[in-house]
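The chain contents come next:
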Amino acid sequence: MSFGIPAELLHWHGRPDAALVLVGLAVAYTLGWARLRRRGHRSLAALWRLAAYLGGLVSVAVALFSPLAHLAHVLFTAHMIQHQILLMIAPPCLLLGNPLPFVLWGTPPSLRRRLAGALTAGSRFRRGLALVTWLPVAGLLYTVNLWLWHHPAAYEAALHSGLVHDVEHLAFFGTAVLFWWPLVNPAPRRRWPSGGLYYGARIAYLVLATAQNTLLGAVIGLTERVLYPSYAPGAKLFGWSALDDQAFGGGIMWSGGHMYLIAILVLLWQAMESEGRREVGPVRVPMPPDHVRR
């Protein structure tokens, strides 16, 4: 059922440059994952990590290569679905795969030794990573980037320039990775204070993210003027007005915020588990009386 959409918009979109990057990352990760398992690190190289990482790459491919990529140029709602994949699905999946050590072990030994230096404690890379994944910095970068690119002038510029559109997607994906990093905390892991502060700061971080996401979705979806006029012809293919398309797109953005709520629930569960372990204390095995042991 095509809803009158031209058939060429329903084809997969060829991007050899992006496809080569995704395939390279998939191969490097899978090789590293297999090598670590052969070395006996089966608990580190768990199957679910491989599935999460490859699932993240597949979601990026769906966003960039599937018919959704074509529809995103003609329908604002489709573009919002594409953005939600790049913001809410792909980054946490990739980070759950704990990518850096596996990709590192998937490279040739000579390259691995050179790259390993950047990951050592105290290196410039580690210091820079610690800065940009600090909760206030990561949240600010993510939020400012999200709002700036949804300004009508910036958004329209991305629609009319392939280069600007690629920069927009890289900015969305990159800041989303930074946003999710302190929540997933993959290697090289940063040491955080334990206890209630550990979880409370992250829950507050996610509550603020939910609020700004809801506000931006409301601003876009409830406004009574067309913010992105380039989508007006595409909306007619569905029998919608430009404002209908805009309202649906704003609703997609608002509903995407439920990913934050899922993360909040996970953190609450982890906090309760941690508190329960502290209350119980270490488990001690009682020793039998001396006469029994003799």
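It should be emphasised that the depicted structure is a prediction, and the values quoted were computed from it without experimental measurement. (Residues numbered from 1 in each chain as written. Predicted model: local features only at pLDDT ≥ 70, side-chain atom pairs only at ≥ 80, totals over all residues. Heavy atoms only, no water.)

Description of the overall build of the chain
- In terms of regular secondary structure, the chain is built from 15 helices and 0 strands.
- Scored against the burial criterion, the 294 residues of the chain give a buried share of 42%.
- Roughly 15,900 Å² of accessible area belongs to the chain as shown, and the carbon and sulfur atoms make up 70% of that amount. (Helix = DSSP H or I, 4+ residues; strand = E, 2+ residues; numbered from the N terminus. Buried < 20%, exposed > 50% of the residue type's maximum accessible area, 1.4 Å probe, protein only. Areas by Shrake-Rupley, 256 points an atom, 1.4 Å probe, with all protein chains shown as cover.)

Regarding the layout of surface pockets
- In this structure, the largest pocket spans a volume of roughly 910 Å³.
- Residue lining of the largest pocket: 31 residues in total, with V21, L22, V60, L170 and F173 positioned closest to the centre.
- For the lining of the largest pocket, the secondary structure elements donating two or more residues are α1 (16-38), α2 (47-65), α3 (67-71), α4 (76-96), α5 (99-105), α7 (124-132) and α10 (162-184).
- If one sorts the elements of the lining of the largest pocket by residue count, α10 sits on top with 8 residues.
- Classifying every residue of the lining of the largest pocket by side-chain character gives 21 nonpolar, 7 polar and 3 charged.
- Of the pockets and cavities examined, the second largest pocket occupies roughly 480 Å³. (1 Å grid on protein atoms, 1.4 Å probe; cavity = no way out; pocket = protein on both sides within 12 Å on 5 of 7 lines; lining within 4 Å. Points joined across faces, edges and corners; volume = space filled by probe spheres on them. Nonpolar A, V, L, I, M, F, W, Y, C, P; charged D, E, K, R; others polar.)

Topic: α2
- Here α2 spans 26 Å end to end across 19 residues, near enough to the 27 Å set by a 1.5 Å rise per residue.
- Taken as a whole, α2 has its buried residues at R49, L50, A52, Y53, G56, L57, S59, V60, A61, A63 and F65.
- Looking at the buried positions of α2, the neighbouring elements they touch are α1, α3, α4, α5 and α10. (Expected span 1.5 Å × (residues − 1). Contact = heavy atoms within 4.5 Å.)

Considerations on the side chain of N98
- Here N98 shows up in the loop between α4 and α5.
- Among the polar contacts made by the side chain of N98, one reaches the main-chain amide nitrogen of A187 at a distance of 2.7 Å. (Polar contact = N/O pair within 3.5 Å; in protein donor to acceptor, adjacent residues only side chain to side chain.)

A look at empty space enclosed by the protein
- The full count for this structure, using the stated rule, is 1 cavity of 30 Å³ or more.
- Around the largest cavity, the lining residues are F76, V226, Y228, Y231, A242, D245 and Q246.
- With 3 residues, helix α13 (residues 242-256) is the single largest residue contributor to the lining of the largest cavity.
- Among the residues making up the lining of the largest cavity, the classes are represented as 5 nonpolar, 1 polar and 1 charged.

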